[in-house]
Each structure stands twice: as structure tokens, then as C-alpha cells.
Amino acid sequence: MSQRLALFGDLLDIEVDPGFAAPGDAAGVRYRPDHWLLVEDGRIVGAEPARAGSGPDASWQRVDHAGRLITPGFIDTHVHCPQLDVIASYGTALLEWLNTYTFPAELRYADPLVAASGAERFVDALLAHGTTSAVVFPTVHKGATEALFTSARARGMRLVAGKVLMDRHAPDGLRDDVLQAERDCADLIARWHGNGRLSYAVTVRFAATSTPEQLAMAGRLCREHPGVYMQTHVAENTDEVRWIAELFPEARSYLDVYHRHGLLHERAVLAHGIWLDDTDRALLRDTGAQIAFCPSSNLFLGSGLFDWQAAVDTGYRVSMASDVGGGTSLSMLRTLADAYKVQALRGVKLSAWKALHAATRGAAEALGLAHEMGHLGHGALADLAVWDWAVGPVATHRDAVARRGRAGVSPLTALHERVFAWMTLGDERNLVATYVAGACRHERG
Ligand code: GUN
Ligand code: ZN
């Protein structure tokens, strides 16, 4: 007997990248209010409108979310599991923040009990924010990496992660060495890459904390294990960029350090990418690597304003990320609201359509996973989030005004007004339930 689940609500997903088109002109917005979403054995098999007296028969478990929004679960393409301990730490920019708060917190993950409870807390927190999939930094410790994979496996999540590589410029207890790290990575890849929905990422913290020998080893791992991902940080902060230029005088740029070591490819996810030039941007496009835009972190650490328009003009891929604990919330709604503000400071208007696409289908495509997630199309796994359109008197009033509509605007513009207000005012308090591959993994209250 197959497992049949039918969820009723307002279905919203974004099928193609709308670019920076005006909200009323965007292509690819699929809005199906008052529909049943049909899920069989964890996969979406269809959607049908409600008609009087009809609806899925008794062979379906029916869950009525009438008047609520149902979206694909969010995909957070850059977030640090151990940094829930240092989220919202005062008063520093990147390099001082790492030394003052972050490295001491990550040291504690040498303890298997800390690592196991931290991993459980982290994946449950993702689900409690409507995030069903993530690309994650654990710590340098092999055990902490296994703990993270174990927790994600138990919940059926698509999680991409790998042991952090760092063999210099980090405190005792947080450094590895090339030989042992290579053995640990090979072992972790064998055990976890392709285990359920888990994927391994060769995880270079950033160029400053790896010797050239370790970067070469990381490149070798990517070559020898063609399906694995690569994740790192690039060009986040101007002091960091200057430091990398001193450490790698032979490289043309920060990004070029990674390119020289064979780390840029279509499964490479690089966080930030604020301080890039046109040659770097072309290199991202030509290698197929993506930038994870982390607006909350970039604002909080005072790093800078990511140039998304230049990414679109060049044609490289951009996804959305919380970067907790540099970022101050796991909520992708808050992340998207911050992205809007960062782009506003650059004179660019980010529609809710483009923002939502980048955090769902766009991320899935950039990760090569659009066949299984990021949308509500037939055949995708049912990774879903169910939301209240509004919570609290201010948002509820705003939603009611948006629903009444404005004279003379198109239906798509009117819908955007409502969705944009939800995106801008909403957060995890709006979340009603989260499903992973059709299984309910979080419920409010
Ligand atoms: N660069 C190197 N490590 C980190 C980190 O943990 N967070 C951020 N935001 N940037 C980094
Ligand atoms: Zn980061």
C-alpha cells in the first residue's frame, strides 16, 4: 500500500528565474490558491483545485491548511552548525569575530556529546524555520561531521556537508594536517556521500586557514570523487582580502587561489563573494561555481553589499544563505528581507519572486538537485513548508490591505504585494508545519 497525503492550501512556487523584472512582468510564478497538493510515497504526484463535493478520496490522508501558504521548503546554501552558540555576538568584524567567538565555540565540538547534541539542535532548528535542505559547515572534527550526518539522515534531509579543513592560522585543537585530513575525508566520503540524501562537500574553511599543500589535497579529493561538492568562503571582508593577497602573492585574486587548486567547479558553493572583479565573475560563470549570498551576515559583520546585478549581467549562479552565526537568523524569510534591503542600498529592486526562486528552485538547480527539490512539480520529493500569511496585528492588517488589492494593478502585481509583505514581515512564527519527503518533521505548538 502506498502512503497518500493530500495537503490543502495556497500553493506557491517559482518555476523559472524571473531576474530583476518588475513583479508584474515576471515569468514562472505558479500560484494555485485553494488546491490540494497530492503526495504519494514522499513524492509530489499532482495538484488539483477544490471543487464542491470533490477532493481526494478516503485513500488519502487529508490535511486542511485552507487560507495558508504552502511553499517548497527553503534551501540554505551556507550555514554553520556549531555557530548557534555564537549567533548575535557583539562588536567585531570577520577576523576578530572568528578569533573572539567562533573558534572557541568550535573547539568545544571535539567533545562527542557536545557534537551530538549540537547536531540535533541544529537540524531541528532548520526544520523549525522551514528549511528542509542545507549546505553546512560543521567543525574540523571528524566525529562532529558524523554527528551532523547522523542527525540529518534520521530526518531524511538533503544535507551537504564535510569535515572542515584547516591546517594553519587556527588555535590548537582546531587544526588538522594534510595526511590525516585526507584519510578522514576519504573515509567520510565512503561512508556518507550518497547515503540516503546526504552528500559530501570538500570543506575548505577559507584560503587563510589552509596551506597550499592542503588546498592541493582538497583539489585532489574533488578530482578523485567526481560527485562531491566543495564549499568555502571567498572575498567577504576587505581585511581578509588583503591578508589572502599577502599569503598567496602569486595568485591574481582571492578567487584565483581556489581556481589554481582545482576547487572551482559546478558543485562548488562559495559564500559571500562581495569583493570580486569582472575577471573573477567570469571565472565563476565559466566554472559553473555558485555564490551563496548571505545578506544578514554581510550586514551584521559589516562586510559589504553583494552586487547581485553584476552576477546576473555576467551569468553566474547565486543562491541564498543565512550564514548563521555571522548571520543573525536561520529564517530564510528574514534572510530574503535582508537581501531586499542590501539590494535597495545598491539601487536594485529585488522582487519576492526572484528572492524566493533563489532560496528554492534556483538553489536546487545550482546544486544539480532540481529533479528532487525546490519546487512543487510532479516527481519532486515533498520537501514543504506551510505558513500563515500573517502573524500578529500589524502583519494581519497589512495582509488584509494587500488582499483588497489596489485599483489598476495586474493580478500578478497584486499577488506580489501580498507575497512581498509576507516575505518582509514573516519569520519562523509564521511557520505551521515542515515536511521532508512527505513526512511531517516539524509542527507548531
Ligand atoms: N570565513 C572563514 N570562516 C568563516 C566563518 O565561520 N563565518 C564567516 N562568515 N566567514 C568566515
Ligand atoms: Zn560562513
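About the cut-offs
- Residues numbered from 1 in each chain as written.
- Chains lettered and ligands numbered in written order.
- Predicted model: local features only at pLDDT ≥ 70, side-chain atom pairs only at ≥ 80, totals over all residues.
- Heavy atoms only, no water.
- UniProt positions renumbered as here; feature names shortened; annotations may be inferred.
- Donors = N, O, S within 2.8 Å, 3.2 Å for Na, K, Ca; no water.
- Tetrahedral: all angles 85-135°; square planar, octahedral: opposite > 155°, others 65-115°.
- Helix = DSSP H or I, 4+ residues; strand = E, 2+ residues; numbered from the N terminus.
- Pairing = 2+ DSSP bridges.
- Axes fitted to C-alpha atoms, helices over the stretch in contact; angles between N-to-C directions.
- Contact = heavy atoms within 4.5 Å.
- Phe/Tyr/Trp six-rings, centres within 6.5 Å; stacked < 30°, edge-to-face > 60°.
- Expected span 1.5 Å × (residues − 1).
- Buried < 20%, exposed > 50% of the residue type's maximum accessible area, 1.4 Å probe, protein only.
- Arc of directions from axis to C-beta.
- Polar contact = N/O pair within 3.5 Å; in protein donor to acceptor, adjacent residues only side chain to side chain.
- Core = buried A, V, L, I, M, F, W, Y, C linked by side-chain atoms within 4.5 Å.
- Salt bridge = Lys/Arg side-chain N within 4 Å of Asp/Glu carboxyl O.
- Right-handed = clockwise from strand over helix to strand, strands pointing away.

The chain carries the name Guanine deaminase in an unreviewed UniProt entry, which gives Methylibium petroleiphilum as its organism. Reading the Function (unreviewed entry) entry of the UniProt record for the chain gives the comment "Catalyzes the hydrolytic deamination of guanine, producing xanthine and ammonia." If you open the UniProt record of the chain and go to Catalytic activity (unreviewed entry), you find "guanine + H2O + H(+) = xanthine + NH4(+)".

A. Inspection of the coordination of the zinc ion (ligand 2) at higher detail. The zinc ion (ligand 2) binds to the protein through His 78 (NE2), His 80 (NE2), His 233 (NE2) and Asp 323 (OD), with metal-donor distances spanning 2.0 to 2.3 Å. Coordination geometry of the zinc ion (ligand 2): the four donor atoms subtend angles of 90 to 166 degrees at the metal centre, consistent with an arrangement described as irregular. Mapped onto the sequence, the donors of the zinc ion (ligand 2) take the spacing H-x1-H-x152-H-x89-D. A residue pair is termed long-range when its members are at least 10 positions apart, and His 78 in strand β5 (residues 74–80) and Asp 323 in the loop between β13 (317–320) and α11 (332–345) qualify at 245 residues.

B. Focus on unusual backbone geometry. Across the junction of Val 324 and Gly 325, the peptide omega takes the value 5 degrees, indicating a cis bond. Topologically, Gly 325 is positioned in the loop between β13 and α11. The residue His 169 is not glycine, and still its phi comes out positive at about 55 degrees. Tracing the backbone shows His 169 in the loop between β8 (164–165) and α4 (178–192). Backbone geometry places Ala 235, a non-glycine residue, at a positive phi of 45 degrees.

C. Spotlight on the sheet that holds strand β15 (residues 431–436). One open sheet holds the seven strands; their spatial order is β3-β2-β1-β4-β14-β15-β16, and the pairing between them is mixed. Here the strands that pair on one side only, and so sit at the sheet edges, are β3 (43–49) and β16 (439–443). Strand-to-strand twist of the sheet, defined as the mean angle between neighbouring strand axes without regard to direction, takes the value 35 degrees. With ten bridges joining them, strand β1 (residues 4–14) and strand β2 (residues 29–40) adopt antiparallel strand pairing. Bridge pairing in β2 links Phe 8 to Trp 36. Packed onto the sheet, helix α15 (residues 411–425) meets β1, β2, β4 (61–72) and β14 (384–387) and runs at close to 65 degrees relative to β2.

D. Quick look at the UniProt feature "domain: Amidohydrolase-related" (unreviewed entry) in the chain. What UniProt calls "domain: Amidohydrolase-related" (unreviewed entry) maps, in this numbering, to residues 70–438. End C-alpha atoms of residues 70–438 are separated by 13 Å, and the span's content is 45% helix alongside 16% strand.

E. A look at the packing of aromatic side chains. Scanning the model with the defined rule gives twelve aromatic pairs in all. Their ring planes at 85 degrees and their centres at 6.5 Å tell us that Tyr 31 and Trp 389 sit as a pair that is edge-to-face. Here Tyr 31, found in strand β2, pairs with Trp 389, found in the loop between β14 and α14 (393–404); they are 358 residues apart in sequence, far enough to count as distant. Residues Tyr 340 and Phe 420 carry aromatic rings whose centres are separated by 4.8 Å and whose planes lie at 65 degrees to one another, so their mutual orientation is edge-to-face.

F. Region of the structure containing α4. When the terminal C-alpha atoms of α4 are compared, their 21 Å separation across 15 residues agrees well with the 21 Å that a helix rising 1.5 Å per residue should span. Burial in α4 covers these residues: Ala 181, Glu 182, Asp 184, Cys 185, Leu 188, Ile 189 and Trp 192. What you see down the axis of α4 is that its buried residues fit within an arc of 165 degrees, all on one side. Facing away from the buried side of α4 by more than 90 degrees, the exposed set consists of Leu 179, Arg 183 and Ala 190. Close packing links the buried residues of α4 with α3 (142–154), β8, β9 (198–204) and α5 (212–224). Between the side-chain oxygen at the start of α4 and the backbone nitrogen of Leu 179 there is a gap of 3.2 Å, and the oxygen is on Asp 177.

G. Region of the structure containing the nonpolar core. Core analysis: the largest hydrophobic core is formed by 108 residues, its most contacted members being Tyr 258, Leu 270 and Trp 422. Residues in contact with Trp 422, not counting those within four places in the same chain, are Leu 69, Thr 71, Phe 74, Leu 333, Leu 356, Trp 387, Asp 388, Trp 389 and Asn 430.

H. Seen up close, the pattern of salt bridges. Using the criterion set out here, one finds 32 salt bridges in the structure. Asp 280 is the partner of Arg 252 in a salt bridge, and the nearest nitrogen-oxygen pair spans 2.9 Å. You can see Arg 252 sitting in the loop between α6 (238–247) and α7 (254–260) and its partner Asp 280 sitting in helix α8 (residues 278–287), a full 28 residues away along the chain. With its nearest N and O atoms 2.7 Å apart, the salt bridge here joins Arg 418 to Asp 399. Remark: Asp 399 occurs in helix α14 and Arg 418 occurs in helix α15; sequence separation between them is 19 residues. Both residues of the pair, Arg 418 and Asp 399, count as buried.

I. Representation of the side chain of Lys 354. Looking at where Lys 354 falls in the secondary structure, it is placed in helix α12 (residues 352–358). Ignoring any residue separated from it by four or fewer positions in sequence, one finds Lys 354 in contact with Asp 17, Pro 18, Gly 19, Phe 20, Trp 308 and Val 312.

J. A look at the pairing of strand β10 (residues 229–234). Where burial is concerned, most of β10 is hidden: six out of the six residues are buried. Burial along β10 is two-sided: Tyr 229, Gln 231 and His 233 facing one way and Met 230, Thr 232 and Val 234 facing the other are all buried. Bridging between β9 and β10 involves three bridges; their strand directions are parallel. Residue Ala 201 lies in a different strand from β10, and its bridge partner there is Tyr 229. Handedness of the crossover joining β9 and β10 through α5: right-handed. Relative to strand β11 (residues 268–272), β10 runs parallel, the two being bridged by five bridges. Along β11, the bridge assignment pairs Val 234 with His 272.

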